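Given next are the chains, with one letter for each unit.
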Amino acid sequence: MVITMKKLNDFFEKHFIPFAVKLNNIKGLIAIRDAFIQIFPLTFVGSIAVCINCVVFNSTGFIGQLLISVIPELDKYQDILSPIQNGTINIMAIFIVFLIAKNMARQHHEDETKTGLIALAVFFTLYPPKTDNMLTDSYLGANGLFVAIFIGLLVGYLFSKLSKNKKLHIWIALVVIAFFVCLAIFGCGDSIKGIRDMRFGIDIRGGVEAVFEPAGLKTKPTKEQLEMARDVIET
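Residues numbered from 1 in each chain as written. Predicted model: local features only at pLDDT ≥ 70, side-chain atom pairs only at ≥ 80, totals over all residues. Heavy atoms only, no water.

*Asks:* Can you help me understand helix 10 (residues 223–234) in this one?
*Replies:* Two residues of an α-helix separated by three or four positions point the same way, owing to the 3.6 residues in each turn. The first and last C-alpha atoms of helix 10 sit 17 Å apart over twelve residues, in line with the 16 Å expected at 1.5 Å per residue. Of all twelve residues in helix 10, zero are buried, a share of ten percent or less. (Helix = DSSP H or I, 4+ residues; strand = E, 2+ residues; numbered from the N terminus. Expected span 1.5 Å × (residues − 1). Buried < 20%, exposed > 50% of the residue type's maximum accessible area, 1.4 Å probe, protein only.)

*Asks:* Honestly, the pattern of salt bridges in this entry has me stumped. Any pointers?
*Replies:* Side-chain pairing between opposite charges can occur once the charged atoms of the two side chains come close. Per the stated rule, a full pass over the model turns up three salt bridges. Among the ionic pairs, Asp34 bridges to Arg33, the shortest N-O distance being 3.1 Å. The class for Arg33 is partly exposed, based on a relative accessible area of 40%. A salt bridge links Lys76 to Glu73, with the shortest nitrogen-to-oxygen separation between them at 3.6 Å. (Salt bridge = Lys/Arg side-chain N within 4 Å of Asp/Glu carboxyl O.)

*Asks:* What should I look at first to understand the state of the cysteines in this one?
*Replies:* Cysteine pairs can be covalently joined through their sulfur atoms, and such a bond is termed a disulfide. Counted by the stated rule, this structure contains zero disulfides. In this structure Cys51 is not part of a disulfide, and its nearest cysteine sulfur, from Cys54, lies 6.9 Å away. By relative accessible area, which is 43% here, Cys54 ends up partly exposed. (Disulfide = S-S within 2.5 Å.)

*Asks:* So what exactly am I meant to see when it comes to the environment of Ile39 here?
*Replies:* Take Ile39: it is sitting in the loop between helix 2 (27–38) and helix 3 (40–55). The spacing of Ile39 and Ile89 is 50 residues in sequence and 9.7 Å in space, taken between C-alpha atoms. Those residues within four positions of Ile39 in sequence are excluded, and the remaining contacts are Met92, Phe95, Ile96 and Leu99. (Contact = heavy atoms within 4.5 Å.)

*Asks:* What is the right way to read the nonpolar core from this model?
*Replies:* One recurring pattern in soluble globular proteins: nonpolar side chains tend to sit buried together. Ranked by size, the top nonpolar core spans 23 residues in total, and within it Ile96, Val97, Ile100, Phe123 and Ala148 carry the most contacts. Breaking this core down by element, the ones donating at least two residues are helix 2, helix 6 (92–107), helix 7 (112–125) and helix 8 (145–164). Examining the composition of this core, we find that nine residues originate from one element, helix 6, more than from any other. (Core = buried A, V, L, I, M, F, W, Y, C linked by side-chain atoms within 4.5 Å.)

*Asks:* Would you take a moment to explain the packing of helix 2 against helix 6 for this structure?
*Replies:* If you want to describe how two helices pack, look at the angle between their axes and the distance between the axes. Packing of helix 2 against helix 6 leaves a shortest axis separation of 8 Å and a crossing angle of 130°. Here helix 2 lies oblique to helix 6, going by the angle between them. At the point where helix 2 passes helix 6, the crossing takes the right-handed sense. Contacts between helix 2 and helix 6 pair Lys27, Gly28, Ile30, Ala31, Ile32, Asp34, Ala35, Phe36 and Gln38 from the former with Ile96, Leu99, Ile100, Asn103, Met104, Arg106 and Gln107 from the latter. (Axes fitted to C-alpha atoms, helices over the stretch in contact; angles between N-to-C directions. Parallel < 35°, antiparallel > 145°, perpendicular 65-115°, else oblique. Left-handed = near helix turned anticlockwise from the far one by under 90°.)

*Asks:* Got a minute to help me understand the packing of aromatic side chains in this structure?
*Replies:* Aromatic ring pairs are reported here in terms of the distance separating the ring centres and the angle at which the planes meet. Going through the model one piece at a time under the given rule, you end up with six aromatic pairs. On the basis of an interplanar angle of 80° and a centroid distance of 5.4 Å, the ring pair of Phe123 and Phe124 is categorised as edge-to-face. Using a relative accessible area of 3% as the deciding quantity, one classes Phe123 as buried. Given a relative accessible area of 36%, Phe124 falls into the partly exposed group. Linked through ring pairs, Phe123, Phe124, Tyr127 and Tyr139 together constitute an aromatic cluster. (Phe/Tyr/Trp six-rings, centres within 6.5 Å; stacked < 30°, edge-to-face > 60°.)

*Asks:* Please clarify how a nonpolar patch on the surface should be interpreted in this entry.
*Replies:* A grouping of Phe40, Phe44, Val45, Ile48, Ile52 and Ile84 is seen on the molecular surface, where their side chains present a nonpolar patch of about 510 Å² in accessible area. Tallying contributions element by element places helix 3 first for the nonpolar patch, with five residues. As for its position among the elements, Val45 is in helix 3. (Patch = residues over 30% accessible without salt bridge, like charges linked within 9 Å, V, L, I, M, F, W, Y side chains within 5 Å. Areas by Shrake-Rupley, 256 points an atom, 1.4 Å probe, with all protein chains shown as cover.)

*Asks:* Which parts of the structure should I look at to understand the environment of Ser163?
*Replies:* Note on placement: Ser163 falls in helix 8. Since its relative accessible area comes to 14%, Ser163 is described here as buried. For the pair Ser163 and His108, spaced 55 residues apart in sequence, the C-alpha to C-alpha distance is 10.0 Å.

This is the structure in structure tokens:
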């Protein structure tokens, strides 16, 4: 038995430990691991709130089935802890995309905060469009984690590499300037109008509606008085 355990231990040390060491040295996996460790306090508190809502403040929950006879409106008490879930688990993808990009920049010795903010900007640029002029929260939580991880890794790696190439800085600045100049001239669809679609001055197309009445007149003006006022205005 001792010999078997020794052989098994030697086998793992020979084949799995070197692989695990190489896996642990991959910068992308380190960034992902550290990001989830960093948000663990938030996810822990959010998970506790979800468990209490499902078990205690739910009429079909394990403890809720016992309390429903005493508290008929038990389900309404879920509103007490729901904001905790909205501020933790339901926006987990935002934390992840920022922290992964930040962790990647730290390993490459680049600006961490700037990289994280760029990753956030890219994440919301690729986010689904608004519905009824409101941003949906469907992909801010667990449903958006895969995209958040991918964007965090991609932005963190590319920004770190491009930042080290000093020759590209001037070209990147010129491209950004050219982009905004083209945007200002040609616009972008119906949402952003270009300079060609702008009209200078006061736009009175469609007419101006105004109501005139004499000051201090307490009685209704006669037809002759209205005609006299009309002649004065038109001349």
